[in-house]
Each structure stands twice: as C-alpha cells, then as structure tokens.
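If you want the building blocks of each chain, they are given just below.
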Amino acid sequence: MQRRLYVWEFPVRLTHWITVVCIAGLSITGFYIGSPFIHATSADQYVMGWMRFIHFVAAYLLTASVLVRTYWSFVGNEYAHIREFFYFTPQRFVDLAGDLRYYIFMNKNQPRSAGGHSALASIVYLGVWILLFVEIFTGFALYSQSHYGGALWTLMGGWLLFLFSAQTVRLYHHLIMWVIIFFIIEHVYISWITREERGGFVDSMISGYRMLKER
Amino acid sequence: MEGDSLFDKLSRRGVSRRDFIKFCSAMAATLALPSSLIPRIAEALEKKQKPVLVWLEYQDCAGDTEALLRASKPTVGELVLDILSVDYHETIMAPAGTQAEKSLTDVVKNHKGKYIAVVEGSIPLKDGGVYCCIGGKTAKDLAKEVCGNALATIAVGTCAAYGGIPAARPNPTGAVSVKEAVPGITVVNLPGCPMNVENLTATVVYYLTFGSLPALDRLGRPYFAHGKRIHDNCERRSHFDAGQFVRKWGDEGHRRGWCLYEMGCKGPEAYMNCPVIKYNEGTSWPVQAGHGCLGCATPNFWDVNTPFYRRLPHVPGFGVETTADKIGVGIAAVAAAGVAAHAVAHAVRKKESKEETGTQGDKK
C-alpha cells in the first residue's frame, strides 16, 4: 500500500530549483572569475564582463531565494520548519549514526523519516544553509570592493575585509564552492538511490508529494 | 631667509609664475579639488610661512627618501618640500653626531606643536626596542618625543603606516606602525612601497591651504590618494572586461599589454591613485611597466597579498604549492569515487536483499 503525502510546499520547491540554477551558474562563472578559462580574441568582446554580470545577478537571486526559504522555515509546514533542522535530541543523534552506518553498508535499516528529512539529511541541509550564508556574506564583501566607502561597502561586508584580508575572504569564498560541489554530488546520488529504494524522492521536489509505503 | 614667501624662493631658483600656477593646478587635481580653488592654493603657498619639518627614519630601506630625491630634475613639488624648513633628515642632512641631534631637539623645543614630523620606517617594540636605536635612544622613545610634540605626523611608506616588511611574519623585531607605537597622536598615513611623493606634497599643500589635514579613510589614508580602486582606473581594465589576459610572462598577451589579473595582479583589491598620477613625475607605474600590482598600500601586504603572482593565496595548513583548486578537484574526486564505489556496493546489497526475500518483494 502506498500513501500520497503532501510534503514540499510550493515555496520550498521553487527556492530549491532556483538554488540549483543559481549554484550551477555561480560555480561556472565564479570559477571563470577565479581562473579565466576562456580567452577573448579581440578587445571588443566582453567575456569577463558577462561572467561577472551573470555572477552578480545570480548572487542576488540566490540571496533572495535563501532569504525566502529561511522565512518559510518559520511559517511553512512541519517538513519545512526550522524545528526540522534545529532538532537535537539524543534520539536524533542515534538516528544520525544509524543513517551513516546505512550509507557505509554497516546496517540495513533505511534512514527513518516521517515524511520529511532523515536525521542525516536535516543536519547536512543545516550545514549547507550555513555555507550558503557564508558564501553570500563573503561574496558581497568582495563585491563591495568596487563600492569603496559607499553604502554597499558599509552594509554588505566591507567591514569583513578589515577583519580578514580580501585575499583570505576570496580563498574561503572559493573553497566553500568546492564543498558545495561535494555536497551536490552526494545529494544527487543519495536522491537517486533513495528513489530506487523508496520511490518518488526526486519527483517529490517537483510535485510536492511523496509516496510513503504503509507498514 | 626668514619671512620670505615660497614664491620669492621659487623665483630665485628660476621657477616661473607659469610653472608655479601649473603646479598649483596639478595639486588641485591630485587633491580632487575644483579648479576654482587653484587661486586659493596659490595664495596660501605664496603668503604663508612654511612650517618646520623633520624627517625621521627607522626600520626601512630608505625607499621613501629615494622617492623624494629621485626626481631627474628639480620640480616645483620637490622645491616645496625642500624649501619647507627640513631641519632634520637622517639620510640627507649635513650635520652629524651631536650637532645633528641638537637640530632635532631644537626643533622639538623651539617649535613645539607647530612642526610636522614625517616618519619613514616601522618601530620595533620587542626586547625594549633595542633593534633600532639612534644616538642611544630607541626608535619608540624618539618617536614619542618628536611625534608627540608635533602638530601632526605623516607616516610615509607602508612600514611607517602599518609596519610593512619589517612587520611581516614572523616579525622578529616586533615592528609596529607609528600610530601603534605612539597612540593618541595625529597621523596621516601615506602608505605605498614607496609612498608617492606627489601625495606627500599634496598633503602638505592641503595643510598650507586649509589649515587642516585632509579627510582620512578607516586605515588613516587620505581619501584623495586612496579613495579609488586601482582596478577601476587601470589603463588595462578594458582587457580585463574583454577577457584578454596575460598567461605567462613574455607571452603574446604580455607583449600586447593585456590584463595582468591571471598573473596575480592585486589591483582589484588595492586602493591608491597610482594609475592617475604614476611615479617619478608621471613616467610610469607597475602595471604600465607590465608587472601586476602588489597592493603595497594595504596593511600587511607582504603576508596577505602573497603569493604575488597568483590569483588566490595558498591554503593554510597544506604544502605551499597546494592551491585551492587542486584541493577542490580532490574533494570532487573523492565525492565521485565515493559515489561510484557506493553505487557498486549498493547494487550488490540490492541483489542480496532480493535473494533473501525471494519473490515476496520489498518488505521494509
């Protein structure tokens, strides 16, 4: 028997896919900005100009998306709620250890979730949420270099460049991109095997419904 | 001669009125002042009595003194600094020994609160400051006495402004900036390695014209000299936007004057007026000469802007040649390998579980 359960509300799905597009765009353009892999053949081209333009627009879009998703974690349903992520009971850590053991083939009990996130998923997504905020802050701090002394500089993190050097901020902005790419590889893979095992996981981020097997 | 105006002194040296007004216009431009203020600058320079100036040198390479003296012909700017009564300058003054020290103590005594102290070089604090002593006094004590009684202190060069190269890790002498060594004094930082003498002249001209010091940013640098980013005023900026980069020293792009971004140019995070006023009487500046900016006017530039010829710093805790992207590719490779290995093992487990449960299907 299967039961259809409405899990992912529209704002959750929308911000999820916007974040996917943004991370892809930001990683490609960001990698180009860090180490330009296309070389223009004449001065009337605008390769770096376009790369930076796309990077900055995608950065604003990602910021909006992360903020909307954060807002939804206060007003959304139980699966989207902040309690789903900031939820540290002893049982949660037992589940977390069990989930990890499952993924390294040390036990056969599939991760438990009452519809939303398993213990492992919720802690990993909390980490990704924090990393996205770090990327947004460091990114705007670097962006504010072209607005020295202005309002953007003051608001968006010129102050960060006085705590750390611009180059240190740039290095961590760049390294965290790789950590997020690491996450995406694992995330896509686990979504795929979960779909294999339990069904409807990737599809649920489109329809919002998950198929739960009745016990 | 006491009481003579600057212009009297200049005419005696053969500087024409026209040259003088040209200089005043250049100063107005450097200070980002409107042209309507040129007469005011000229008036101030013509009429005002020049303040006494002393030049102290501590831990540095004398590069700022070199910058001051390096002009190929005497310029009006040089003469302004020259004719300002430079009563003490360790490197270029005529007196020596007790005579020299007397001229310094005389200035402090006779012009208390009225002279300008220019400091070049950082001040060591470690082990009681023994690493830099002049006439038996430590640099710190001297700076405290001379800068503490000055009208204002101008810290020239990155060493005096922020500690500079002597303060680079591991900073064996405990070198600090003038502001850190003598807290509470009025300091204008004119960093750069070396500082640009045009900015020093402009700071003095600003003081003579308005009777106050120019507006400073959070790092104590005048906005007129450090308010704009090198990258935004760079002559090679269009090559950056286009995507034309030098990839190797001496390659096609380098010969054609393309952007030095990939060669580690720190212009995008450096704030100074180099592209506009250049060095050595407007002859050239690093990027024009084909070398990236080192961001030498940035605090701790020797530590934070290295490696100078790479875009990103090395990752702390790893071998010095390990770059962020090598680690990044490693992380992605570990993820991909983990996924691949897991997929194989997962398929095996699925097969096993099917065999165990037979035809009953998945009964989790």
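Residues numbered from 1 in each chain as written. Chains lettered and ligands numbered in written order. Predicted model: local features only at pLDDT ≥ 70, side-chain atom pairs only at ≥ 80, totals over all residues. Heavy atoms only, no water.

Enquirer: Got a minute to help me understand the interface of chain B and chain A in this structure?
Expert: Accessible area lost upon the coming together of the parts serves often as the stated size of an interface. Taken residue by residue, the interface counts 51 residues in chain B and 48 residues in chain A. Both faces combined, the contact of chain B with chain A buries some 4,400 Å², and carbon together with sulfur accounts for 60% of it. Counting across the chain B and chain A interface gives one salt bridge. In this structure, the salt-bridge partner of R170 of chain A is E269 of chain B, at a minimum N-O distance of 2.1 Å. The interface formed by chain B and chain A contains 18 residue pairs in polar contact (both at pLDDT 80 or more). Of all elements in the fold, only α11 (223-226), α13 (237-242) and α17 (324-357) of chain B reach the threshold of two or more residues within the side of chain B that touches chain A. Ranked by the residues each element gives to the side of chain B that touches chain A, the list is headed by α17 of chain B, at 17 residues. Among the residues making up the side of chain B that touches chain A, the classes are represented as 24 nonpolar, nine polar and 18 charged. (Contact = heavy atoms within 4.5 Å. Buried area = accessible area lost by both parts, 1.4 Å probe. Salt bridge = Lys/Arg side-chain N within 4 Å of Asp/Glu carboxyl O. Polar contact = N/O pair within 3.5 Å; in protein donor to acceptor, adjacent residues only side chain to side chain. Helix = DSSP H or I, 4+ residues; strand = E, 2+ residues; numbered from the N terminus. Nonpolar A, V, L, I, M, F, W, Y, C, P; charged D, E, K, R; others polar.)

Enquirer: How should I be thinking about the packing of helix α2 (residues 17-30) of chain B against helix α3 (residues 38-47) of chain B in this particular structure?
Expert: Helix packing for two helices is described by the angle between their axes and how far apart those axes are. All names here are of chain B. Close contact between α2 and α3 brings their axes to 9 Å; oriented N to C, the two are set at 120°. On the basis of the axis angle, α2 is oblique to α3. Between α2 and α3 the crossing geometry is right-handed. Together, R17, F20, I21, F23, C24, S25 and A28 of α2 and I38, I41, A42, L45 and E46 of α3 make up the contact between the two elements. Taken together, the residues that form the contact of α2 with α3 break down as nine nonpolar, one polar and two charged. (Axes fitted to C-alpha atoms, helices over the stretch in contact; angles between N-to-C directions. Parallel < 35°, antiparallel > 145°, perpendicular 65-115°, else oblique. Left-handed = near helix turned anticlockwise from the far one by under 90°.)

Enquirer: Can you walk me through the side chain of T158 of chain B in this structure?
Expert: Residues and elements named next belong to chain B. Within the secondary structure layout, T158 lies in helix α8 (residues 157-162). A polar contact is formed between the side chain of T158 and the backbone nitrogen of G192, at a distance of 2.9 Å. Within the local environment of T158, its side chain forms a polar contact with the backbone oxygen of C296, the two atoms lying 2.5 Å apart. Sequence-distant contacts of T158, that is, excluding residues within four places in its chain, are made with G163, G164, P191, G192, C193, C296, A297, T298 and F301.

Enquirer: Just checking my understanding: could you explain the pairing of strand β9 (residues 187-190) of chain B for this structure?
Expert: Two faces make up the sheet, and in a regular strand the side chains alternate between them. Residue and element names in this part refer to chain B. Side chains V187 and N189 project from β9 onto one buried face, and the interleaved V188 and L190 project onto a second face that is buried too. Alignment of strand β7 (residues 152-156) against β9, held across four bridges, turns out to be parallel. What sits directly across from T153, in β9, is V187. (Buried < 20%, exposed > 50% of the residue type's maximum accessible area, 1.4 Å probe, protein only. Pairing = 2+ DSSP bridges.)

Enquirer: Sorry if this is basic, but what is going on with the packing of aromatic side chains here?
Expert: Aromatic ring pairs are reported here in terms of the distance separating the ring centres and the angle at which the planes meet. Residues and elements named next belong to chain A. Evaluated as defined, the whole model comprises 25 aromatic pairs over all chains. A ring pair is formed by Y6 and Y209, whose centres lie 5.0 Å apart and whose planes are at 50°; its orientation type is tilted. Here the residue Y6 occupies a position in strand β1 (residues 2-6), and Y209 occupies one in strand β2 (residues 209-213), the gap between them amounting to 203 residues. Using a relative accessible area of 36% as the deciding quantity, one classes Y6 as partly exposed. Pairwise contacts between aromatic rings join F31, Y32, F37 and W178 into one cluster. Lying across the ring of Y209, R4 places its NZ or CZ 4.0 Å from the centre. (Phe/Tyr/Trp six-rings, centres within 6.5 Å; stacked < 30°, edge-to-face > 60°. Lys NZ or Arg CZ within 6 Å of the ring centre and 35° of its normal.)

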